[in-house]
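# Structural overview
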Amino acid sequence: MSRLSCPEPIVERFTISLDEDLARAFDALIAERGYSNRSEAVRDILRAQIEGARLAREDAPHCIANLSYVFNHHERELAERVTHAQHARHDLCVATLHAHLDHDNCMESVILRGPTVEVRAFAEALIAKPGVRHGALNLVTADFRSQPHAHGDGDHAHPHPHGHYRPRS
């Protein structure tokens, strides 16, 4: 199997001017968050703003996402209903992490990918289940590329579509 090489991204430089107070506040934020330099911080701020704008104008047909929520596992049949919902949308649910917080409460984090509208609808329906608390969805817009490939060899090969989600920058 060969590895595909990714071309180096073209880097554009630009200069911004900040008044002294804003520059000091920005440097404090950089230090607080552990950035190694201003460029890294500016890139993250720009990505967050671009993501927010894409999502606000619904220019995000596909996404990758993390849905996190807390629930009381003693709540009548809640764990089974949550698991059933995930199985019913196995096309969206990539993986689930389940953590026991205390005797009563659990936290789950579900990695999702797919059409943004469907991911949001799934997350909202799961968060709305009685007994689910503190639900939050973190979406990252993504480009989806379908790439057909085959499994097996010779007469037993069978092609099927396979998709890749690449986060937008």
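Residues numbered from 1 in each chain as written. Predicted model: local features only at pLDDT ≥ 70, side-chain atom pairs only at ≥ 80, totals over all residues. Heavy atoms only, no water.

Going through the model one piece at a time under the given rule, you end up with two aromatic pairs. Seen in terms of ring centroids, Tyr69 and Phe71 are 6.1 Å apart; in terms of plane orientation they differ by 35°. Their pairing is tilted. Across this residue pair, the class does not change: Tyr69 and Phe71 are buried. Ring geometry for Phe144 and Tyr165: centres 4.8 Å apart, planes at 50°, overall tilted. Here Phe144, found in strand S4 (residues 132-151), pairs with Tyr165, found in strand S5 (residues 158-167); they are 21 residues apart in sequence, far enough to count as distant. On the accessibility criterion, Phe144 (34% relative accessible area) is partly exposed. Here Tyr165 falls in the partly exposed class, since its relative accessible area comes to 23%. (Phe/Tyr/Trp six-rings, centres within 6.5 Å; stacked < 30°, edge-to-face > 60°. Buried < 20%, exposed > 50% of the residue type's maximum accessible area, 1.4 Å probe, protein only. Helix = DSSP H or I, 4+ residues; strand = E, 2+ residues; numbered from the N terminus.)

Moving on, we come to the layout of surface pockets. Computed from the structure, the largest pocket encloses a volume of approximately 980 Å³. If you go around the largest pocket, you meet 25 residues; those closest to its centre are Val11, Glu12, Arg43, Leu46 and Arg47. Elements supplying a minimum of two residues to the lining of the largest pocket: helix H1 (20-33), helix H2 (38-56) and S5. Residue composition of the lining of the largest pocket, grouped by class: 14 nonpolar, three polar and eight charged. (1 Å grid on protein atoms, 1.4 Å probe; cavity = no way out; pocket = protein on both sides within 12 Å on 5 of 7 lines; lining within 4 Å. Points joined across faces, edges and corners; volume = space filled by probe spheres on them. Nonpolar A, V, L, I, M, F, W, Y, C, P; charged D, E, K, R; others polar.)

Moving on to empty space enclosed by the protein. The gaps left among the atoms become clear once a water-sized probe is rolled over them. Using the criterion set out here, one finds one cavity of 30 Å³ or more in the structure. Approximately 40 Å³ is the volume attributed to the largest cavity. Of all the secondary structure elements, the ones that give two or more residues to the lining of the largest cavity are H1 and H2. A per-element tally of the lining of the largest cavity places H1 first, with four residues. When its residues are assigned to classes, the lining of the largest cavity shows six nonpolar, no polar and one charged.

This part takes up the confidence of the model for the chain. In the predicted model, the chain carries a mean pLDDT of 86, and the fraction of residues at 70 or more is 87%. Averaged pLDDT values for the elements of the chain fall to 71 in S5 and rise to 96 in strand S2 (residues 93-100). (pLDDT = per-residue confidence, 0-100.)

Despite not being glycine, Glu77 has its phi angle at roughly 60°, a positive value. Position of Glu77 among the secondary structure elements: in the loop between strand S1 (62-72) and helix H3 (78-88). Phi angles above zero are rare outside glycine, and His134 is one such case at about 55°. Relative to the helices and strands, His134 resides in strand S4. Since its relative accessible area comes to 67%, His134 is described here as exposed.

Before going further, it helps to spend a moment on the side chain of Thr116. By secondary structure assignment, the location of Thr116 is in helix H4 (residues 116-127). The residues touching Thr116, leaving out its near neighbours within four places in the chain, are Leu55, Ala60, Pro61, His62, Cys63 and Leu139. (Contact = heavy atoms within 4.5 Å.)

What follows is about the packing of H1 against H2. Packed helices, taken two at a time, are described by the angle between their axes plus the distance between the axes. Two elements in contact, H1 and H2, have axes whose closest approach is 10 Å; the angle formed by their N-to-C orientations is 90°. The angle between H1 and H2 falls in the class roughly perpendicular. Within the contact between the two elements, H1 uses Ala23, Phe26, Asp27 and Ile30 and H2 uses Arg38, Ala41, Val42 and Ile45. Its residues assigned to classes, the contact of H1 with H2 shows six nonpolar, no polar and two charged. (Axes fitted to C-alpha atoms, helices over the stretch in contact; angles between N-to-C directions. Parallel < 35°, antiparallel > 145°, perpendicular 65-115°, else oblique.)

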